[in-house]
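Okay, here's what each chain looks like letter by letter:
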Amino acid sequence: MTEHLPDLTGSGEYLVPDVLEPGLTLVLVGTAPSNISARARAYYANPENKFWRTLFEVGLTPRQLAPSEYPTLPQYGIGLTDVAKRHSGMDSVLPGEAWRPDELRSKVEHYRPHIVAFTSKRGASETLGLPTGKLPYGPQERLPLDWPTNTEVWVLPSTSPLGHNHFRLEPWQALADRVRELQRNPAVTGRVEDKER
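Residues numbered from 1 in each chain as written. Predicted model: local features only at pLDDT ≥ 70, side-chain atom pairs only at ≥ 80, totals over all residues. Heavy atoms only, no water.

## Some remarks on the overall build of the protein
Working step 1: Helix and strand content of the protein: six helices and five strands.
Working step 2: When its helices and strands are written in sequence order, the protein yields β-α-α-β-α-β-α-β-β-α-α.
Working step 3: Of all 197 residues assigned to the protein, the portion counted as buried reaches 51%.
Working step 4: Counting only contacts in the protein whose residues sit at least 6 apart along the sequence, the fraction spanning at least 24 positions is 67%.
Working step 5: When the accessible surface of the protein is summed, it comes to about 9500 Å², and 52% of that surface belongs to carbon and sulfur atoms. (Helix = DSSP H or I, 4+ residues; strand = E, 2+ residues; numbered from the N terminus. Buried < 20%, exposed > 50% of the residue type's maximum accessible area, 1.4 Å probe, protein only. Contact = heavy atoms within 4.5 Å. Areas by Shrake-Rupley, 256 points an atom, 1.4 Å probe, with all protein chains shown as cover.)

This is how it looks when you write it as structure tokens:
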């Protein structure tokens, strides 16, 4: 049953490696890599995707990073993963077995980030077991009983080109404000300051 074990090392069958380590303030969770991202083996590699620009605009990164720089995000207290790590393409074409919410929960349990933020309602829906219509943007109050304690969950508007008409920056800005609030807490900022020295 090794196919159900999380790829904690960033090697193996994942199309794009996880960026996870203990002590992260925020882990951003996508649905699945786009075909462009899978080919590039980099997160949010489609030039039309607003992800990297949005991180910079809301102040989560000091400049706009290139997709190939995704491994550097932990220095800002940020990690990356997806709900579907072994398939690529639009959410609507992913097969049922692509979704691995239990695997994601085990990673959250293992790494214990302060916040997990889904970069689309579909990924959140598949993980939390709620229809997308019951998932408002921002922090979530309704969580599964088996969700790891002390980890906040947020849902954000997708930065995908397919969602441009529905994109709103405000939930991303609210998340960035919350991340900064947590990072001002000495229990959280120790690891971030160490990386920035």
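Let us keep going from here.
## Some details on the pattern of salt bridges
Working step 1: Throughout the structure, instances matching the rule amount to eleven salt bridges.
Working step 2: Among the salt bridges present, the one from R63 reaches E69, with a minimum N-O distance of 2.5 Å.
Working step 3: For R63, a relative accessible area of 40% gives the class partly exposed.
Working step 4: One salt bridge connects E170 with R168, and the closest N-O pair in it is separated by 3.9 Å.
Working step 5: By sharing partners, the salt bridges in this structure join D18, E103 and K107 into a single network. (Salt bridge = Lys/Arg side-chain N within 4 Å of Asp/Glu carboxyl O.)

## Brief notes about the side chain of T54
Working step 1: Residue position: T54 is located in helix α2 (residues 51–57).
Working step 2: Relative accessible area serves as the criterion here: at 2%, T54 is assigned to the buried category.
Working step 3: Side-chain polar atoms of T54 contact the backbone oxygen of K50, separated by 2.7 Å.
Working step 4: Those residues in contact with T54 that lie beyond four places of it in its chain are T159, F167, L169 and W172. (Polar contact = N/O pair within 3.5 Å; in protein donor to acceptor, adjacent residues only side chain to side chain.)

## Some thoughts on the sheet that holds strand β3 (residues 115–118)
Working step 1: With mixed pairing, the five strands of this open sheet are ordered in space as β2-β1-β3-β5-β4. Across the chains shown, the open sheet's two edge strands, defined by having one partner strand only, are β2 (78–82) and β4 (138–139).
Working step 2: Pairing of β4 with strand β5 (residues 152–155) involves two bridges; the strand directions are antiparallel. Counterpart to G138 in the pairing with β5 is V155. (Pairing = 2+ DSSP bridges.)

## Focus: the environment of P136
Working step 1: Following the sequence through the fold, P136 ends up in the loop between α4 (121–128) and β4.
Working step 2: With relative accessibility at 46%, the residue P136 sits in the partly exposed group.
Working step 3: As a C-alpha pair, P136 and L156 span 20 residues in sequence and 8.6 Å in three-dimensional space.

## Thoughts on the pairing of strand β1 (residues 26–30)
Working step 1: Burial analysis of β1 places five of its five residues in the buried class, which makes it a mostly covered element.
Working step 2: Of the two faces of β1, both are covered, the one formed by L26, L28 and G30 as well as the one formed by V27 and V29.
Working step 3: The pairing of β1 with β2 spans five bridges and is classified as parallel. The partner of V29 across the bridge, within β2, is T81.

## What to know about the nonpolar core
Working step 1: Counting residues in hydrophobic clusters, the biggest one holds 29 residues, and the most contacted among them are L26, L28, W52, L80 and L175.
Working step 2: Contributing elements (two or more residues each) for this core: β1, α2, β2, β3 and α5 (170–183).
Working step 3: At five residues, the largest contribution of residues to this core is made by α5.
Working step 4: Of all hydrophobic cores here, the second largest spans 17 residues; its members include L20, L24, Y111 and V116. (Core = buried A, V, L, I, M, F, W, Y, C linked by side-chain atoms within 4.5 Å.)

## Regarding the packing of aromatic side chains
Working step 1: The final tally for this structure, using the stated rule, is five aromatic pairs.
Working step 2: Arranged with centres 5.2 Å apart and planes meeting at 65°, the rings of Y43 and Y70 form a pair that is edge-to-face. In this pair, Y43 sits in the loop between α1 (35–40) and α2 while Y70 sits in the loop between α2 and β2, placing the two residues 27 residues apart along the sequence. A single burial state applies to Y43 and to Y70, both of which are buried.
Working step 3: Plain terms: the ring middles of F51 and W172 are 6.1 Å apart, the flat faces sit at 80° to each other, and that makes the pair edge-to-face. Taken as a pair, F51 in helix α2 and W172 in helix α5 lie far apart in primary sequence, 121 residues in all. This pair shows no difference in class: F51 is buried, exactly as W172 is.
Working step 4: Clustering of aromatic rings is evident, with ring pairs tying together Y43, Y44, F51, W52, Y70 and W172.
Working step 5: One residue, K121, lies across the ring of Y137, its end atom 4.6 Å from the ring centre. (Phe/Tyr/Trp six-rings, centres within 6.5 Å; stacked < 30°, edge-to-face > 60°. Lys NZ or Arg CZ within 6 Å of the ring centre and 35° of its normal.)

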